[in-house]
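The lines below spell out each chain.
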Amino acid sequence: VLLVLLVAPSVVLPARDQLLNICMDAKHHKAKPGPEGKLHEQCSPWKDNACCTANTTSEAHRDQSNLYNFNWNHCGVMAPKCKRHFIQDTCLYECSPNLGPWIDQSDSSWRRERILHVPLCKEDCEEWWEDCRDSVTCKENWHKGWNWATGTNRCPWGSMCRPFSEIFPQPKDLCERIWSNSYRYSSERRGSGRCIQMWFDPAQGNPNVVVAKYYAWKKRSSPDVAPERGHAGCALQWSVLVLLPLALVVVSEVTGGCGSHGWGSL
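As recorded in an unreviewed UniProt entry, the protein chain goes by the name FOLR1 protein, listed as coming from Campylorhamphus procurvoides. Of the protein chain, the UniProt comment under Sequence similarities (unreviewed entry) reads exactly: "Belongs to the folate receptor family."

Pasting the structure below:
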């Protein structure tokens, strides 16, 4: 019994923390989050604890970024008020350490993990859509289907450039479809503690920390929890091995030295 009590905390704690304050395994992400003193412009809210580097954030602000060779201006020049939302979206994706509950496996050649169904706050989706409704694009899903013959994304043959408001009739359509369901349109509002914010004032703290904790707890409470990522399993095994000798000593003292029978009963 004592052995179980001693080892049990090492079983519980890694599982509880494993979805929090982590970086996904993707192309430009750091292995672990940490402070970054000079994150560029719109990415600066994450400077105290970021999964991105300063160079990544600088590239995120360019029209033709070297991050993914992606061109926002594939149907003419994108309006600045629209582009700022895509820059902020990139900053959240590259920099946030609070997306753990929504990290999913990816079969892409350039990343092993992605985000899926992140509940984006109502205001973030609606402002994104409102500021982009008159901008122009030729595709609904920007993750795939481009013509990459020139090394950057161009509209596929036969497609037409149309206003965002035609391709994405509602804010929900834009948030959920443009990146293959990376986001989910949430009816929750900023400050509710139930939705992820792309936009926030770092002087007030990062509101997504609380949101990640809530959904991590919710995921742990669900009967269909996904399997642990590999490094958590390793941490679990290591913690058990470290505490095992101590547990054996205590059991031995309490039982008065049971010899090999004590070991066998374990």
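There is more to say after this.
A closer look at unusual backbone geometry
Backbone geometry at H117 places phi at a positive 65°, although glycine is not the residue there. With respect to the helices and strands, H117 occurs in the loop between β2 (113–115) and β3 (118–120). Residue class for H117 comes out partly exposed when judged on its relative accessible area of 38%. Phi is positive for S180, which is not a glycine, with a value near 55°. Of note, S180 is situated in the loop between α6 (171–177) and β6 (183–185). Relative accessible area serves as the criterion here: at 18%, S180 is assigned to the buried category.

A look at the nonpolar core
F86, W128, W142 and Y183 are the most contacted members of the largest nonpolar core, which totals 46 residues. The dominant element in this core, judged by the number of residues it contributes, is helix α3 (residues 80–95), at seven residues. Each residue touching F86, except ones within four places of it in the same chain, is listed here: W72, M78, W128, C132, W142, F164, I178 and W179.

Focus: the pattern of salt bridges
This model, assessed by the stated rule, comprises 11 salt bridges. For K47, the salt bridge goes to D48, with nearest N and O atoms at 3.4 Å. Taking relative accessible area as the criterion, D48 reaches 58% and is therefore assigned exposed. One salt bridge connects K122 with E126, and the closest N-O pair in it is separated by 3.1 Å. With K122 and E126 both in helix α4 (residues 122–132), this residue pair falls four residues apart, about one helical turn. Its relative accessible area of 29% is what places E126 among the partly exposed residues.

What about the packing of α3 against α4?
It is at 7 Å that the axes of α3 and α4 come closest, and there the two elements cross at 140°. Compared by their axis directions, α3 and α4 come out oblique. When the axes of α3 and α4 are compared, the crossing they make is left-handed. Between α3 and α4, the residues in contact are K81, C82, R84, H85, F86 and D89 and E127, W128, D131 and C132, respectively. For the contact of α3 with α4, the class distribution of residues is four nonpolar, one polar and five charged.

Points about the packing of aromatic side chains
Within this structure, the stated rule accounts for 18 aromatic pairs. On the basis of an interplanar angle of 80° and a centroid distance of 6.2 Å, the ring pair of W128 and Y183 is categorised as edge-to-face. Taken together, the residues span a long stretch of sequence, with W128 in helix α4 and Y183 in strand β6 at a distance of 55 residues. The pair W128 / Y183 is uniform in exposure class, with both members buried. Aromatic side chains W142 and W146 sit 6.2 Å apart centroid to centroid with 70° between the ring planes, which places their arrangement in the edge-to-face category. W146 matches W142 in its accessibility class, with the two residues each being buried. Members of the aromatic cluster, joined through ring pairs, are F70, W72, F86, W128, W142, W146, F164, F168, W179 and Y183.

What counts, and at which threshold
Residues numbered from 1 in each chain as written. Predicted model: local features only at pLDDT ≥ 70, side-chain atom pairs only at ≥ 80, totals over all residues. Heavy atoms only, no water. UniProt positions renumbered as here; feature names shortened; annotations may be inferred. Helix = DSSP H or I, 4+ residues; strand = E, 2+ residues; numbered from the N terminus. Buried < 20%, exposed > 50% of the residue type's maximum accessible area, 1.4 Å probe, protein only. Core = buried A, V, L, I, M, F, W, Y, C linked by side-chain atoms within 4.5 Å. Contact = heavy atoms within 4.5 Å. Salt bridge = Lys/Arg side-chain N within 4 Å of Asp/Glu carboxyl O. Axes fitted to C-alpha atoms, helices over the stretch in contact; angles between N-to-C directions. Parallel < 35°, antiparallel > 145°, perpendicular 65-115°, else oblique. Left-handed = near helix turned anticlockwise from the far one by under 90°. Nonpolar A, V, L, I, M, F, W, Y, C, P; charged D, E, K, R; others polar. Phe/Tyr/Trp six-rings, centres within 6.5 Å; stacked < 30°, edge-to-face > 60°.

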